[in-house]
Amino acid sequence: MNFESLDPELAEYAPAMHSALDPVLDAHLNPSLLQNVELDPEGVALEALPVQESVHIMEGVYSELHSVVAEVGVPVSISHFDLHEEMLWVGSHGGHATSFFGPTLERYSSFQVNGSDDIRQIQSLENGILFLTKNNLKYMARGGLIIFDYLLDESEDMHSLLLTDSSMLLVGGLQNHILEIDLNTVQETQKYAVETPGVTIMRQTNRFFFCGHTSGKISLRDLRTFKVEHEFDAFSGSLSDFDVHGNLLATCGFSSRLTGLACDRFLKVYDLRMMRAITPLQVHVDPAFLRFIPTYTSRLAIISQSGQCQFCEPTGLANPADIFHVNPVGPLLMTFDVSASKQALAFGDSEGCVHLWTDSPEPSFNPYSRETEFALPCLVDSLPPLDWSQDLLPLSLIPVPLTNDTLLSDWPAANSAPAPRRAPPVDAEILRTMKKVGFIGYAPNPRTRLRNQIPYRFKESDSKFDSFSQVTESPVGREEEPHLHMVSKKYRKVTIKYSKLGLEDFDFKHYNKTLFAGLEPHIPNAYCNCMIQVLYFLEPVRCLIQNHLCQKEFCLACELGFLFHMLDLSRGDPCQGSNFLRAFRTIPEASALGLILADSDEASGKGNLARLIQRWNRFILTQLHQDMQELEVPQAYRGAGGSSFCSSGDSVIGQLFSCEMENCSLCRCGSETVRASSTLLFTLSYPEGSNSDKTGKSCDFAQVLKRSICLEQNTQAWCDNCEKYQPTIQTRNICHLPDILVINCEVNSLKEADFWRMQAEVAFKMVLKKHSGEVPKNKEFALADWKELGSPEGMLMCPSIEELKNVWLPFSIRMTMTKNKGLDVCNWTDEDEMQLSSLGTPRQWGPARADEEHGVYVYDLMATVVHILDSRTGSSLVAHINVGETYHQRKEGVTHQQWYLFNDFLIEPIDKHEAVQFDMNWKVPAILYYIKRNLNSKYSLNIKNPIEASVLLAEASLARKQRKTHTTFIPLMLNEMPQVGDLVGLDAEFVTLNEEEAELRSDGTKSTIKPSQMSVARITCVRGQGPNEGIPFIDDYISTQEQVVDYLTQYSGIKPGDLDAKISSKHLTTLKSTYLKLRFLIDIGVKFVGHGLQKDFRVINLMVPKDQVLDTVYLFHMPRKRMISLRFLAWYFLDLKIQGETHDSIEDARTALQLYRKYLELSKNGTEPESFHKVLKGLYEKGRKMDWKVPEPEGQTSPKNAAVFPSVLAL
């Protein structure tokens, strides 16, 4: 049951009812309940005893027999009478289960079911008890041993279960489906769609399934098909409880009132014979629970949360005299249940107490209960106390069994040998990085083991697929453990070493000597960096995404276009996708699919990155397709016949990635159903039994791909002709192939990994056999033999044997669509290319262009995304990408293609064979991208900047309370639009979203593990010339939906509430709105003047060409000297005192403009560097004398009174 709908207080139970479990008793708790009850230090009752020994019970009238404490202070969430034994089961909000035996409620067992979620349903079976929590179904023995633990999807929120027979179970919750689970196989057998989501109560009769919904409706469903047969709209607010007996259905719930939901005192009663409502039953309590208790008549028990209980007939009138009171210890009753014999009632309250009411002094819970098994009592006699503090205490006092036989542990010397436990070897990485001071060595913690703990391995266990024991590629490691596989250095997880200067002194050029831009990995959920690079190096995607712009605040297509623009501008400097990932975290579908990792999971590498990136791949293509559908895109496709690029309901992403197909379902009755559909990617489907076939049977990649595309499977499906579920054969026929073929490899277990490994070995042997006869066994090829293979008469394209190992993936595949919608797929090798070239066909065309009109296409491998398994540094994702000619032409001015490895900010050219070599011990394929030949010729690759000058004009604020008197800026007029080379003063203020994570090294120095995550909060731009020089034209406060941990008010001037649209008086905008303004200024060619602009642009996530940045922190800086603050420069050169109590971005931007004017004056526009060098020497000498602190003499000129800009006074 959904308890939150019963009373508003229950939603906040955690802080209100369970703030601290101290041993001090609650004021409302009856002390007699806790006689002889032990309390542990946490305040949880260890043993619950009955209250009174003699209770007078009147026959036929329910009275309280016993009350016990299950857990002090922890509300009872569910109670259940065991259907097989004389036991009462109780579940708590803390996930703890307790059972009580018999009417005396003697504690039988107590154990933890779930560590965090409450127990929502309990169902007793013959061999154990089923417990349902939010997304977990656990079957446990009555003593507490786990029989099975079935984890549901993390997005599920389950509330109810129903046992349909001895082995089938229905589970429902707040989602729009109900799961059917087979308890014998512990597998999901069916998923029934529910039109009205939120099934919190389920009942069953011999005619219907009854499903109670949170919306107040009750649906009656067929027992065989689960289809809705009838539906009752019981309450307008929410349903609280219902029960069925005979032909009557009784319900209680909440009705909508003007002030909200109110408990309805009318019970809705329905006649199931006529399927209509009969006269509602008015009761005198606020009904929260109800049950039929049929003994002599079909009477109803109606219970309120406050503890009132009333009995009445469902077709009669309720009598106030029939009300009795349960005296709960807590303020609320949380649960209610009736025994199968109808002789006992159980109530659970919000303070953890259970109350048993019966109608006889010795009730039985079931008509026929089996005998309950109890633990055997200890048969050992009382032992004398042993004082362990005495060293001379004889150990013979410890009792041992008396026997004349040899003990099992007394092995003869011939069968045993002393085996001292050896100390494990020191980690190779520690020895490699260790620095010695005298005889003491210091090394950073490689974080491969728990702190102060070293596990002892008694035997080498079979390693799991995703947890390999590996060491680094170092001389020490090779000498100590040569049998362990080494991960190449360039494939290891890269990290940024932070210093006190942050990233300024980190040498990114050491990792990337190309002009392409890497991506920084320290941002949350940056595991997708490799896939962002893959999408960027698809030329049509890069151009079409950058042409997209819409009004949606969090649009992934827009943010990806902004990120692609930064990658275009970069000349080898790394970029970061912070804005893109910020928008990614706000999308509900991403969270529902489990794509958003917690910081702890990301740092520890607990998530399965291979599955994660494949789900992310499907998500991003679907999301981009939807985002591009919402905006009308110009015609950019130049296909045959002049067809327009976007058809109705399609998008540019759909044209590139979508594969149109027909799904055919053939029933055994002969009825066939054809349904048209499309998909953006395919998942590899491997042959059955591939892991058990050790004979080395060859299977081309093309065969597996065809099997995956033209999938054929047998499944149960609905047949309209038979009007029932029948075994059907489902096949898939391809109507149109995509321009970009995306494949998820789904190598998620040892089965698939062994298949790839075996096929690579078979392919390697076949190539050697083809070119050199039989494959030699148990010996390697001699170098001379292999050189002969690499001769012109041998293998032209394979100069090294290493390039053929672990290769199964072809560089090209050829697909042919037949007239009957069939598909032929084959590997397209270099030999096929050479034969085609000998026929006079240009090689880059692949098959003749005329063949494409007949459905013949060649796809070339463009990218592979692989999962790197490294137990030392943690698993990571990298990409091999074949970078095309257009990218090299833009970046390097050369025309050629080259394969590169992209490992976050590490970029390195590689040989093309390395992109298809997968050593399954540490390098596992995850995603493949194939593109059609001549893909770029089909699309317009022109990028038209969609950002217009109108973004700088006046706009409305998001803040509700902003007034014109609070305006701090004057927007630009049409005649003030900036031109190339115009000056713009800029300053930004930030807030902190996540604090910095650092550790203290063994030598006492501080090491930054993860920098603080900043978010821009205010951006100010001031005019740099003209009559309004110094007047701001942008002063935007940026609204944020993420939690701010520190507003940094002393340094930013931002106060709590300034970024909240409900209470802010500032000009509040979205980050995207202000970002577009800055992007327009960058694209138009203005020059930004400011102090410390590098950090500002980094947090804003902008890439600005260096010739457009005039940073005063570098203009007034001498090499190998400290950076000087803006406050000190303003005092020294301008005689201004700024940044008094807090910082103000308008003041800082104006001051930076003045300092730039002063720089031009002192350096004679840069023509006299020697004279300006003398000025800087005087500046540094003065700074050292003043300890870089600004003096505060009396009568110091205030910046508000200083004649900064004449026009500022007018503002």
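Please refer to the structure placed before this passage.
On a predicted model such as this, the values are computed, not experimentally measured, just so you know.

Caption draft 1: Layout of the overall build of the protein. In terms of helices and strands, the protein carries 26 helices and 53 strands. Residues classed as buried in the protein amount to 49% of the 1211 residues present. A sequence separation of at least 24 residues applies to 59% of the contacts in the protein between residues at least 6 apart. For the protein, the accessible surface area stands at approximately 60,800 Å², while carbon and sulfur atoms represent 51% of it.

Caption draft 2: Inspection of the sheet that holds strand E2 (residues 76-81) at higher detail. The strand order across the open sheet formed by four strands is E2-E3-E4-E5, and the pairing between neighbours is antiparallel. A single partner strand is all that each edge strand has here, and the edge strands are E2 and strand E5 (106-112). This sheet shows a mean twist of 20° between the axes of neighbouring strands, independent of strand direction. In this structure, strand E3 (residues 87-92) lies alongside strand E4 (residues 96-101), joined through five bridges in antiparallel fashion. Among the inter-strand pairings, Gly 91 is bridged to a residue of E4, identified as Ala 97.

Caption draft 3: View of the pairing of strand E26 (residues 308-312). Within E26, four of the five residues are buried, leaving the element largely enclosed by the surrounding structure. In this structure, the hairpin formed by strand E25 (residues 298-303) and E26 is closed by a connection of four residues, where Gly 307 is found at a positive phi of approximately 110°.

Caption draft 4: Here's a closer look at unusual backbone geometry. Unlike most non-glycine residues, Asn 934 shows phi in positive territory, near 60°. Along the chain, Asn 934 falls in the loop between strand E45 (923-932) and strand E46 (983-994).

Caption draft 5: Representation of the packing of helix H23 (residues 1126-1134) against helix H24 (residues 1145-1162) within the structure. Put simply, H23 and H24 touch, their axes get as near as 10 Å, and they point 50° apart. The angle between the axes of H23 and H24 places the two elements in the oblique class. Note on packing geometry: the crossing formed by H23 with H24 is left-handed. Residues Leu 1126, Leu 1129, Ala 1130, Phe 1133 and Leu 1134 of H23 form the contact with H24, whose own contacting residues are Asp 1148, Thr 1151, Ala 1152, Gln 1154, Leu 1155, Lys 1158 and Leu 1162.

Caption draft 6: Fine view of a nonpolar patch on the surface. A cluster of nonpolar side chains, Val 437, Phe 439, Ile 440 and Tyr 442, forms an exposed patch at the surface whose accessible area comes to about 450 Å². Structurally, the position occupied by Tyr 442 is in strand E32 (residues 440-442).

Caption draft 7: Layout of the pattern of salt bridges. Tallying each qualifying case throughout the model produces 34 salt bridges. Across the salt bridge formed by Asp 241 and Arg 203, the nearest N and O atoms sit 3.4 Å from each other. In this pair, Asp 241 sits in strand E18 (residues 238-245) while Arg 203 sits in strand E14 (residues 199-204), placing the two residues 38 residues apart along the sequence. Under the relative-accessibility criterion, Asp 241 is labelled buried at 1%. Salt-bridge contacts for Glu 520 lead to Arg 1098; the nearest nitrogen and oxygen are separated by 2.4 Å. Of this pair, Glu 520 sits in the loop between helix H4 (475-480) and helix H5 (529-536) while Arg 1098 sits in helix H21 (residues 1093-1100), and the two are 578 residues apart along the sequence. Assessed through its relative accessible area of 2%, Glu 520 is described here as buried. For Arg 1098, a relative accessible area of 27% puts it in the partly exposed group. Put simply, Asp 82, Glu 85, Arg 142 and Arg 370 are held in one network by salt bridges that share partners.

Caption draft 8: Structural detail: the environment of Thr 1020. Locating Thr 1020 in the fold gives a position in strand E49 (residues 1013-1023). Separated by 52 residues in sequence, Thr 1020 and Thr 968 place their C-alpha atoms 9.9 Å apart. Once residues within four sequence positions are removed from consideration, Thr 1020 is found in contact with Gly 985, Leu 986, Asp 987, Pro 1032, Ile 1034, Asp 1035, Ser 1145 and Ile 1146. Within polar-contact distance, the side chain of Thr 1020 engages the side chain of Asp 1035 at 2.8 Å.

Caption draft 9: Examining the sheet that holds E49 more closely. Pairing is mixed in the open sheet, where six strands are placed in the order E51-E50-E49-E46-E52-E53. Each end of this open sheet is capped by a strand with a single partner; those strands are strand E51 (1068-1069) and strand E53 (1109-1111). Bridge analysis of strand E50 (residues 1032-1038) against E51 gives two bridges, and the strand direction is parallel. Bridge pairing in E51 links Tyr 1037 to Leu 1068. Sheet strands touched by H21: E46, E49, strand E52 (1087-1090) and E53. Its angle to E46, the strand with the most contacts, is close to 60°.

Caption draft 10: Representation of the packing of aromatic side chains within the structure. Inspection of every chain in the model, using the stated rule, returns 51 aromatic pairs. Ring geometry for Phe 232 versus Tyr 270: centroids 4.3 Å apart, planes at 20°, classification stacked. Of this pair, Phe 232 sits in strand E17 (residues 228-233) while Tyr 270 is found in strand E21 (residues 266-271), placing the two residues 38 residues apart along the sequence. You can call Phe 232 buried: its relative accessible area is 4%.

Caption draft 11: Inspection of the packing of H23 against helix H25 (residues 1169-1186) at higher detail. Across the interface, H23 lies against H25 with an axial gap of 12 Å and an inter-helix angle of 115°. Of the two elements, H23 crosses H25, and the hand of that crossing is right-handed. Note on element contacts: H25 touches H23 through Val 1175, Gly 1178, Leu 1179, Lys 1182, Gly 1183 and Met 1186, opposite Phe 1128, Leu 1129, Trp 1131, Tyr 1132 and Phe 1133. Class assignment for the residues of the contact of H23 with H25 results in eight nonpolar, two polar and one charged.

Caption draft 12: Inspection of helix H18 (residues 885-892) at higher detail. Listed in full, the buried residues belonging to H18 are Tyr 887, His 888 and Lys 891. Along the axis of H18, the buried residues cluster in a sector spanning 95°; they form a single face. Where the residues of H18 are buried, they touch H5, helix H6 (539-546), helix H7 (556-569), strand E42 (876-883) and strand E43 (898-903).

Caption draft 13: Highlighting the nonpolar core. In terms of nonpolar packing, the biggest core is built from 102 residues, with Tyr 527, Ile 613, Trp 616, Phe 657, Tyr 929 and Phe 1088 touching the most fellow members. With sequence-adjacent residues up to four places away left out, Phe 1088 is seen in contact with Val 984, Leu 986, Leu 1078, Leu 1081, Ile 1082, Leu 1093, Phe 1097, Val 1104, Gln 1108, Val 1109 and Leu 1110. Cys 699, Val 747, Val 762 and Met 920 belong to the second largest nonpolar core, which has 58 residues in total.

Caption draft 14: Quick look at the side chain of Asp 271. Tracing the backbone shows Asp 271 in strand E21. With relative accessibility at 6%, the residue Asp 271 sits in the buried group. Those residues within four positions of Asp 271 in sequence are excluded, and the remaining contacts are Asn 247, Arg 276 and Ile 278.

Caption draft 15: Up close: the pairing of strand E19 (residues 248-257). Here E19 lies mainly inside the structure; eight of its 10 residues are buried. Both E18 and E19 contribute to a ladder of seven bridges, which runs antiparallel. Looking at the pairing, Phe 242 lines up with Thr 251 of E19. The antiparallel hairpin formed by E18 and E19 contains two residues in its connecting segment, where Gly 246 sits at a positive phi of about 60°.

What counts as what
Residues numbered from 1 in each chain as written. Predicted model: local features only at pLDDT ≥ 70, side-chain atom pairs only at ≥ 80, totals over all residues. Heavy atoms only, no water. Helix = DSSP H or I, 4+ residues; strand = E, 2+ residues; numbered from the N terminus. Buried < 20%, exposed > 50% of the residue type's maximum accessible area, 1.4 Å probe, protein only. Contact = heavy atoms within 4.5 Å. Areas by Shrake-Rupley, 256 points an atom, 1.4 Å probe, with all protein chains shown as cover. Pairing = 2+ DSSP bridges. Axes fitted to C-alpha atoms, helices over the stretch in contact; angles between N-to-C directions. Parallel < 35°, antiparallel > 145°, perpendicular 65-115°, else oblique. Left-handed = near helix turned anticlockwise from the far one by under 90°. Patch = residues over 30% accessible without salt bridge, like charges linked within 9 Å, V, L, I, M, F, W, Y side chains within 5 Å. Salt bridge = Lys/Arg side-chain N within 4 Å of Asp/Glu carboxyl O. Polar contact = N/O pair within 3.5 Å; in protein donor to acceptor, adjacent residues only side chain to side chain. Phe/Tyr/Trp six-rings, centres within 6.5 Å; stacked < 30°, edge-to-face > 60°. Nonpolar A, V, L, I, M, F, W, Y, C, P; charged D, E, K, R; others polar. Arc of directions from axis to C-beta. Core = buried A, V, L, I, M, F, W, Y, C linked by side-chain atoms within 4.5 Å.

Read these as layout, nothing more, since geometry by itself doesn't imply function.
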